[in-house]
Amino acid sequence: MKKVFVSERIPRFVEEYLRNHCDVERWEEKGEIPRDLLLEKLKDKDGLLMFGESIDEELLQVAPKLQAVSTVSVGYDSFDIEVMRKHGIIGLHTPYVLDDTVADLVVGLMLSVARRIAELDAYVKAGKWNKAVGKDLFGIDMHHKTVGIIGMGRIGEVIAKRVKYGFDMNVLYYNRSRNKEAEEKYGAAYCSLEELLTQSDYVVLMTPLTDETYHLIGTEQFRLMKDSAVFINASRGQTVDEAALIAALQNGEIYGAGIDTFTQEPVEKDNPLLQLKNVVTVPHIGSATLQTRQEMAMVAAKNLVEALSGGNPPYIVKELRS
Ligand code: 8YV
């Protein structure tokens, strides 16, 4: 049987499935496995079921038998693709299964920032509601406004569907390539990044983290946005220059932001974003419903079993497909 290491707790039924096909060792403790221990564990393993750990030269050097790594995420920015290619490692991820769940969260963040739901929740709970609220606590509308989606991939498309048909919004998008389906089904209009930033009332960043998208949104891009714009990031923290985001929010260059992903995760307690009323934060939970996380773990497990048995795993990352 192939030997597999699992770097976090996974649902019991997923673990049973894996144990039926492989010899499984799992990290039993709460929290992330320390890097040195992970390297130690991988010395004799053929496969790894993982949650965002860096797959790099150092790791592959100490794991000579490793054939496949399967991440329980759609994002695989922790894979060093060149190094994996050199070592002939199969890299696997979990697209599709989380699209609806992440899109739901994005729309929730948009609405929460626009209608100030988190701020007003704190207001009510603090016992401050003693008269009808005045316009200093009013929000802004979402319906019939323009949303610009940066990254019109699978998740971007579902967001477009939600906002087009749920909120009658006008959809713009910027992407490496045209997405005809989004154009035909959701009336999404392809435009330059600059046009998107200047015309959108809501700017949603939904692109994978790559060399090209690192700090895609910074000082210059925030300056182009409307001062009434709402900015949402549920992709990766590093796609945004966080210092520029903080400055834009503090200087009133944008209306507010909904932030799921941060430069440093978990976020540092003294991050200025946590002090701003016009920011709604959540702790990187785009896909975090029980059902979706269970399904993601199962997809990742099936991917791994298939790869280790020499089969045809459905979700090899595109850069490593032959
Ligand atoms: C992951 C995510 O579950 O899929 C992704 O890329 O960001 C989340 O859904 C999270 O990164 C934990 O692995």
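As the structure is a prediction and not an experimental result, all values here were calculated from the model.

Thresholds applied
- Position labels on residues start from 1 in each chain and follow its written sequence.
- pLDDT decides what is reported in this predicted model: residues at 70 or higher carry local features, side-chain atom pairs at 80 or more are listed and counted, and totals for whole chains, interfaces and linings draw on all residues regardless.
- Note that the side-chain values use all heavy atoms of the structure and ignore hydrogens as well as water.
- Between the rings of Phe, Tyr and Trp (Trp by its six-membered ring), a pair exists once the centres lie within 6.5 Å; its type follows the angle of the planes, with under 30 degrees stacked, over 60 edge-to-face, and the other angles tilted.
- Numbering goes from the N terminus for both helices and strands, where a helix is a DSSP run of H or I of at least four residues and a strand is a run of E of at least two.
- Summary of the burial criterion: residues with accessible area below 20% of their type's maximum are buried, those above 50% are exposed, and those between are partly exposed, where the area comes from a 1.4 Å probe applied to protein chains only.
- Each ring is checked for a lysine NZ or an arginine CZ that lies within 6 Å of its centre and within 35 degrees of its normal; such an atom marks a charge sitting over the ring.
- Each polar contact in these results corresponds to two N or O atoms within 3.5 Å; when the atoms are within protein, one needs to be able to donate a hydrogen and the other to accept it, and residues that are neighboring in sequence are counted only if both atoms are side-chain atoms.
- A contact between two residues is defined here by any heavy atoms of the two lying within 4.5 Å.
- The span you would expect from a helix comes to 1.5 Å times its residue count less one.
- Proximity criterion: a residue is near a molecule or strand once any of its heavy atoms comes within 4 Å of it.
- In short, Shrake-Rupley with a 1.4 Å probe defines the accessible areas, and a residue's cover is counted only from the protein chains shown.
- UniProt positions are given in the numbering used here, feature names are shortened, and annotations may be inferred rather than shown by experiment.
- All axes are obtained by fitting lines to C-alpha atoms, using only the stretch in contact for helices, and the reported angles, taken between N-to-C directions, cover 0 to 180 degrees.
- Note that the term roughly parallel is reserved for angles under 35 degrees, roughly antiparallel for angles over 145, roughly perpendicular for angles of 65 to 115, and oblique for everything else.
- Crossing handedness is read from the near helix: turned anticlockwise from the far helix by less than a right angle, it gives a left-handed crossing, and turned clockwise, a right-handed one.
- Residues are grouped as follows: nonpolar covers Ala, Val, Leu, Ile, Met, Phe, Trp, Tyr, Cys and Pro; charged covers Asp, Glu, Lys and Arg; every other residue, Gly included, is treated as polar.
- Two strands form a pair only when DSSP identifies at least two bridges running between them.

Description of the packing of aromatic side chains
(1) Moving on: The full count for this structure, using the stated rule, is five aromatic pairs.
(2) Moving on: Centroid distance Tyr 165 to Tyr 186: 6.1 Å. Interplanar angle 75 degrees. Geometry classified as edge-to-face. Linking Tyr 165 in helix H7 (residues 154–167) with Tyr 186 in helix H8 (residues 180–186), this pair joins segments that are 21 residues apart in sequence.
(3) Moving on: Looking at Tyr 165, the relative accessible area reads 54%, which means it is exposed.
(4) Moving on: Their ring planes at 80 degrees and their centres at 5.3 Å tell us that Phe 222 and Phe 231 sit as a pair that is edge-to-face.
(5) Moving on: On the basis of relative accessible area, Phe 222 is assigned to the buried category, the value being 1%.
(6) Moving on: Lying over the aromatic face of Tyr 96, Arg 154 brings its terminal NZ or CZ to 5.1 Å of the ring centre.

Here's the deal with the side chain of Thr 146
(1) Moving on: Its place among the elements puts Thr 146 in strand S6 (residues 146–150).
(2) Moving on: In terms of polar contacts, Thr 146 uses its side chain to reach the side chain of Asn 170, at 3.0 Å.
(3) Moving on: Contact partners of Thr 146, with chain neighbours within four places excluded, come to Met 169, Asn 170, Leu 172, Gln 199, Ser 200, Asp 201 and Tyr 202.

A word on H7
(1) Moving on: Its 14 residues place the ends of H7 20 Å apart at the C-alpha level, agreeing with the 20 Å of an ideal helix rising 1.5 Å per residue.
(2) Moving on: All of the buried residues in H7 are Ile 155, Gly 156, Glu 157, Val 158, Ile 159, Ala 160 and Val 163.
(3) Moving on: The inward-facing, buried residues of H7 contact helix H5 (99–114), S6, strand S7 (170–174), H8 and strand S9 (202–205).
(4) Moving on: Following H7 by one or two positions, Asp 168 adopts a phi angle in the positive range, close to 55 degrees.

Section: the site of the ligand
(1) Moving on: The ligand sits among Val 72, Ser 73, Val 74, Gly 75, Leu 98, Arg 236, His 284, Ser 287, Arg 293 and Met 296.
(2) Moving on: Within the contact set of the ligand, an oxygen atom lies 2.8 Å away from a backbone nitrogen or oxygen of Gly 75.
(3) Moving on: A distance of 2.7 Å separates an oxygen atom of the ligand from a polar side-chain atom of His 284.
(4) Moving on: Protein coverage of the free-state accessible area of the ligand, which is 330 Å², stands at 83%.

Some words on helix H11 (residues 242–250)
Three- or four-residue spacings in an α-helix give side chains the same orientation, since the helix completes a turn every 3.6 residues.
(1) Moving on: Restricting attention to buried positions, one finds in H11 the residues Glu 242, Ala 244, Leu 245, Ile 246, Ala 248 and Leu 249.
(2) Moving on: Buried residues along H11 sit in contact with helix H10 (219–224), strand S10 (230–233), strand S11 (256–259) and strand S12 (279–281).
(3) Moving on: N-capping of H11 is provided by Asp 241, with a side-chain oxygen placed 3.2 Å from the backbone N of Ala 243.
(4) Moving on: Gly 252 sits one or two residues past H11 and shows a positive phi near 70 degrees.

Considering the UniProt feature "domain: D-isomer specific 2-hydroxyacid dehydrogenase NAD-binding" (unreviewed entry) in the protein chain
(1) Moving on: When the UniProt feature table is mapped onto this chain numbering, "domain: D-isomer specific 2-hydroxyacid dehydrogenase NAD-binding" (unreviewed entry) sits at residues 107–286.
(2) Moving on: Across residues 107–286, helical content stands at 33% and strand content at 15%; the span's end C-alpha atoms are separated by 11 Å.

Let's talk about the UniProt feature "domain: D-isomer specific 2-hydroxyacid dehydrogenase catalytic" (unreviewed entry) in the protein chain
(1) Moving on: Per the UniProt record, "domain: D-isomer specific 2-hydroxyacid dehydrogenase catalytic" (unreviewed entry) is found at residues 5–317.
(2) Moving on: Here residues 5–317 runs as 37% helix and 14% strand, with 20 Å between its end C-alpha atoms.

Quick word on the packing of H5 against H7
(1) Moving on: Interaxial distance between H5 and H7 falls to 9 Å at its minimum, and their mutual angle equals 50 degrees. One element, H5, and the other, H7, form an angle in the oblique class. Regarding H5 and H7, the two cross each other, and that crossing is right-handed. Counting all contacts with H5, which are made through Asp 99, Asp 100, Val 102, Ala 103, Asp 104, Val 106, Val 107, Met 110 and Leu 111, the residues of H7 involved are Arg 154, Ile 155, Val 158, Ile 159, Arg 162, Val 163 and Phe 167.
(2) Moving on: For the contact of H5 with H7, the residue count by class is 11 nonpolar, no polar and five charged.

Brief notes about the sheet that holds S9
(1) Moving on: The seven strands are arranged S8-S7-S6-S9-S10-S11-S12 in an open sheet whose pairing can be described as parallel. One side of each edge strand has no neighbouring strand; the edge strands of this open sheet are strand S8 (189–190) and S12.
(2) Moving on: Bridging between S10 and S11 involves four bridges; their strand directions are parallel. By the bridge assignment, Ile 232 is partnered in S11 with Gly 258.
(3) Moving on: Across the face of the sheet, H11 comes into contact with S10, S11 and S12 while running at roughly 145 degrees to S11.

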